Amino acid sequence: MEQQPNVTFLSDLKKEESIAFTLLQAEVTGPLRRKKATRIMSVVFFLLMGGITLWDWHMMGKIDPLFACSVPIMWLPALFTECIVPAMLKKRAAKAYDRAAAAGNTFSGEVRLYPDRVEKITNVGGTKLPLNGHTLFVERADMLVFLNRFNPAVVLPARCMTEELAAAVRKAADTLPLQNRRFFSRLQPMGEPIAVPTVAETLPVLWECNFTYTAEEFASVLRHSIVSRFWSTSPGMAAVSLVGALVMGNISLWSTVLYFVLCFGVLTLFHLVLPLSRVKQTVSLPSYMEDARGTVKIDRYAIRVSMGKEGEMPLPWVEDVHVYDKDGFAEIAAGRRTLFYIPKRCITDLEGFNRVITQCRGKQLV
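Criteria and thresholds
- Residues numbered from 1 in each chain as written.
- Predicted model: local features only at pLDDT ≥ 70, side-chain atom pairs only at ≥ 80, totals over all residues.
- Heavy atoms only, no water.
- Helix = DSSP H or I, 4+ residues; strand = E, 2+ residues; numbered from the N terminus.
- Buried < 20%, exposed > 50% of the residue type's maximum accessible area, 1.4 Å probe, protein only.
- Contact = heavy atoms within 4.5 Å.
- Areas by Shrake-Rupley, 256 points an atom, 1.4 Å probe, with all protein chains shown as cover.
- Polar contact = N/O pair within 3.5 Å; in protein donor to acceptor, adjacent residues only side chain to side chain.
- Pairing = 2+ DSSP bridges.
- Axes fitted to C-alpha atoms, helices over the stretch in contact; angles between N-to-C directions.
- Expected span 1.5 Å × (residues − 1).
- Phe/Tyr/Trp six-rings, centres within 6.5 Å; stacked < 30°, edge-to-face > 60°.
- Parallel < 35°, antiparallel > 145°, perpendicular 65-115°, else oblique.
- Left-handed = near helix turned anticlockwise from the far one by under 90°.
- Nonpolar A, V, L, I, M, F, W, Y, C, P; charged D, E, K, R; others polar.

(A) The overall build of the protein, seen in detail. A tally of regular secondary structure across the protein gives ten helices and 15 strands. Looking at the protein residue by residue over its 366 residues, the buried ones come to 40%. Taking the intrachain contacts of the protein between residues at least 6 apart in sequence as the baseline, contacts between residues at least 24 apart amount to 62%. Only carbon and sulfur atoms are counted for the fraction: they give 61% of the accessible area of the protein, which is about 20,600 Å².

(B) Region of the structure containing the side chain of Thr135. Considering the arrangement of structural elements, one finds Thr135 in the loop between β4 (127-130) and β5 (136-140). For Thr135, a relative accessible area of 0% puts it in the buried group. A polar atom in the side chain of Thr135 sits 3.4 Å from the side chain of Asn148.

(C) Structural detail: the sheet that holds β5. Read from one edge to the other, the open sheet built from four strands follows the order β7-β6-β5-β8, with strand pairing classed as mixed. Of all strands in the sheet, those bounded by a partner on one side alone are β7 (154-157) and β8 (181-183). Recorded for the sheet is a direction-independent mean angle of 10° between the axes of neighbouring strands. As paired strands, strand β6 (residues 143-147) and β7 are joined by four bridges and run antiparallel to one another. Across the sheet, residue Met143 finds its bridge partner in β7, namely Pro157. In this fold helix α1 (residues 15-28) packs onto β5, β6, β7 and β8, with an angle of close to 60° to the strand it touches most, β6. Set on the sheet, helix α5 (residues 163-173) makes contact with β5, β6, β7 and β8; between it and β6 the angle comes to about 30°.

(D) Geometry of the side chain of Glu331. Structurally, Glu331 is set in strand β14 (residues 329-334). Of the polar contacts made by the side chain of Glu331, one reaches the side chain of Tyr341; its length is 3.5 Å.

(E) The arrangement of helix α4 (residues 76-102) in detail. Here α4 spans 37 Å end to end across 27 residues, near enough to the 39 Å set by a 1.5 Å rise per residue. Taken as a whole, α4 has its buried residues at Ala78, Thr81, Val85, Pro86, Leu89, Ala93, Ala94, Tyr97, Arg99 and Ala100. Among the residues trailing α4, Gly104 stands out with phi positive, at a value near 100°.

(F) Structural view of the packing of aromatic side chains. Counted under the stated rule, the structure contains ten aromatic pairs. Geometrically, the ring pair formed by Tyr213 and Phe329 is edge-to-face, given 6.4 Å between the ring centres and 70° between the ring planes. Placement of Tyr213 in the loop between β9 (207-212) and α6 (215-248) and of Phe329 in strand β14 is noted, with a sequence separation of 116 residues between them. According to the relative accessible area criterion, Phe329 is buried, its value standing at 5%. On the basis of an interplanar angle of 70° and a centroid distance of 5.6 Å, the ring pair of Phe329 and Tyr341 is categorised as edge-to-face.

(G) Up close: the sheet that holds β9. Strand order in this open sheet of four strands is β9-β10-β11-β12, and the pairing throughout is antiparallel. A strand with exactly one partner marks an edge of an open sheet, and here the two such strands are β9 and β12 (313-316). Along the sheet, successive strands turn relative to each other by an average axial angle of 15°, direction set aside. Of the pairings in the sheet, the one linking strand β11 (residues 302-307) to β12 comprises four bridges and is antiparallel in character. Along β12, the bridge assignment pairs Val305 with Met313. Along the sheet face, helix α10 (residues 350-361) touches β9, β10 (293-298) and β11 and points at about 55° away from the line of β10.

(H) Representation of the packing of α1 against α4 in the model. Between α1 and α4, the least distance of the axes is 9 Å, while the angle of their chain directions is 135°. Comparing their axes, α4 and α1 come out oblique. Both α1 and α4 take part in a crossing whose hand is right-handed. Contacts from Lys15, Ser18, Ile19, Thr22, Leu23 and Ala26 in α1 reach Pro86, Leu89, Lys90, Ala93, Ala94, Tyr97 and Asp98 in α4. The residue inventory of the contact of α1 with α4, partitioned by class, reads eight nonpolar, two polar and three charged.

Here it is, written out as structure tokens:
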């Protein structure tokens with residue numbers, strides 16, 4: 001007998017609410033969770049370097065220019081976490097929302113609260129989050145959120161909630177371990193009426209492929225991903241290395257250069273060398289098979305990719321998606337970003353695959 005939900009209600013998500021959720025998630029599990037510590041560190045180092053500079057001026061009657069220039073740079077970590085990172089996250093969240101909308105997602109759907117899980121069913125399928133140790137519940141004045149690292153989050157804006165619905169959601173969250181609950185402020189429900197989501201047309205799947213990477217293929221994909229991620233984060237690591245070099249190597253220009261190389265070398269070790277060295281170990285684990293399974297579906301809106309336990313990721317054609325022939329893989333890229341690899345051995349009809357890609361990119365099926 002099919003399990004019945006305890007509570008069902010309608011909810012949707014506007015663009016600004018999606019951006020607010022992204023910033024909230026960054027504070028809970030992402031790059032902004034150490035924002036206060038970074039702010040305190042910047043203040044301490046600024047006062048320390050400023051005090052040393054004033055002491056040198058008092059005792060020797062002069063100021064070391066290199067040392068003096070390093071004083072305002074101490075604010076860079078705080079500036080990065082307070083301004084730059086949020087701006088980047090907002091831009092990324094806005095693009096992700098537009099991408100999902102371009103892929104046919106209306107963001108409206110029915111939320112279902114079960115004793116053991118939370119679901120949101122939308123026109124593109126929806127998401128299911130188990131109420132276990134892998135799921136977090138976050139409450140803030142503007143939203144309630146269920147999230148984990150395996151599936152898309154269920155975001156419930158205050159605009160869509162009433163006091164009764166909020167109480168039901170909190171009751172469902174009570175089954176989670178205490179350490180999996182984050183409270184910022186009590187929700188302020190607005191209780192706006194939500195229109196019944198329209199039933200979208202069933203999108204015909206133009207091409208579909210289910211596959212499992214071999215150990216060699218999975219290792220190759222992991223190496224490509226590690227190297228790509230390293231180059232995308234290298235500008236930030238260079239900035240951190242520069243700050244460290246100015247703090248530690250203020251004796252001379254050469255010592256500053258030496259410390260910069262040392263700092264960047266250490267970051268390279270942890271972000272490139274060590275991850276690459278662990279690829280063989282990762283592939284040798286029995287659990288790798290779960291992450292090595294993938295599904296690719298192509299319809300007139302997007303290429304839809306899912307890997308392992310991760311939820312579906314749509315790549316809309318409006319983002320200028322390209323497919324390249326590369327080293328035994330069909331490489332899927334959006335702009336300059338490589339996003340996915342399909343083993344060519346799994347593409348039984350290469351001519352048909354190329355025809356579908358060409359037609360979709362040319363918007364002939366839209």
